[in-house]
Amino acid sequence: MKTENNNRRSWPARLLLTLATAAFLVLPAAAAQAHDALESSDPADGATVQSVPAKIGLTFDRTPIALNSIVRVEDSAGTDQADGAVEIVDNHVTQAVKAGAPAGKYTVVWRVVSSDGHPIEGTFTFTANSANAGGSAVGAGASSAAPTTAAPAQAATQSGQVPWALVGGIAAVLVLALVVTAIFVRRRLQSSDPEQ
């Protein structure tokens, strides 16, 4: 009889141990999910174009989250020539460029939030032979071909950004642990009740 009572009392502890083990196995896998990757840019990394394009285009392998996305279009003096907010449509990110942006070498510095909730960032460069007249198409003068593949982007997690997949997993494990603990405490209180 004592063994049966001990087994009944210890099952919540065994269940909690099983849940904790599962959490330690699952959470690192969720955190290690691959981030979105930049597939191409327009203009392409290192390209020389006839004039500064009206827009910069980035194409990712998945659709980024439209949250805190930044695309800076820095001229050779370091002045940001980006105009307005970043636009995200499906897996395409575009940033308008100010009319009259000067000719020269440009560095595009981008940061978006990957579809898994982690921020990713990178840079690429291009050179424009003449200033932006304000009406050129994306990548005008580069060629009529589709955007070429950019060099592999440097992806990095920014400090201060919340990894939502990890937070959700931890929250789920904590809720399960609280439920099991509540059941365990309730059964313990019931078993110690002198009326039973």
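Criteria and cut-off values
Residues numbered from 1 in each chain as written. Predicted model: local features only at pLDDT ≥ 70, side-chain atom pairs only at ≥ 80, totals over all residues. Heavy atoms only, no water. Helix = DSSP H or I, 4+ residues; strand = E, 2+ residues; numbered from the N terminus. Buried < 20%, exposed > 50% of the residue type's maximum accessible area, 1.4 Å probe, protein only. Polar contact = N/O pair within 3.5 Å; in protein donor to acceptor, adjacent residues only side chain to side chain. Contact = heavy atoms within 4.5 Å. Pairing = 2+ DSSP bridges. Axes fitted to C-alpha atoms, helices over the stretch in contact; angles between N-to-C directions.

Another aspect to go through is the side chain of aspartate 36. Turning to its location among the elements, aspartate 36 is positioned in the loop between helix H1 (2–31) and strand S1 (38–42). For aspartate 36, a relative accessible area of 3% puts it in the buried group. Among the polar contacts listed, one links the side chain of aspartate 36 to the side chain of serine 115, at a separation of 2.8 Å. Ignoring sequence-local partners within four residues, the contact set of aspartate 36 consists of Asp61, Arg62, Thr63, Pro64, Ser114, Ser115 and Ile120.

The next thing to look at is the sheet that holds strand S3 (residues 55–60). Strands in a sheet are paired, the pairing made by backbone hydrogen bonds, and the direction either parallel or antiparallel. Strand order in this open sheet of four strands is S1-S3-S6-S5, and the pairing throughout is antiparallel. Unpaired on one side and paired on the other, S1 and strand S5 (87–89) mark the two borders of the sheet. Here the average twist between neighbouring strands, direction ignored, is 20 degrees. Two elements, S1 and S3, share four bridges in a ladder whose sense is antiparallel.

A few words on the pairing of strand S7 (residues 104–113). Of the strand pairs in this sheet, strand S4 (residues 65–74) and S7 are connected by six bridges, and their pairing is antiparallel. By the bridge assignment for S7, arginine 72 is matched with valine 109. One ladder, built from 10 bridges, connects S7 with strand S8 (residues 119–130); its direction is antiparallel. By the bridge assignment, glycine 104 is partnered in S8 with alanine 128. What sits between the antiparallel neighbours S7 and S8 is a turn of five residues, in which glycine 117 has the positive phi angle 95 degrees.

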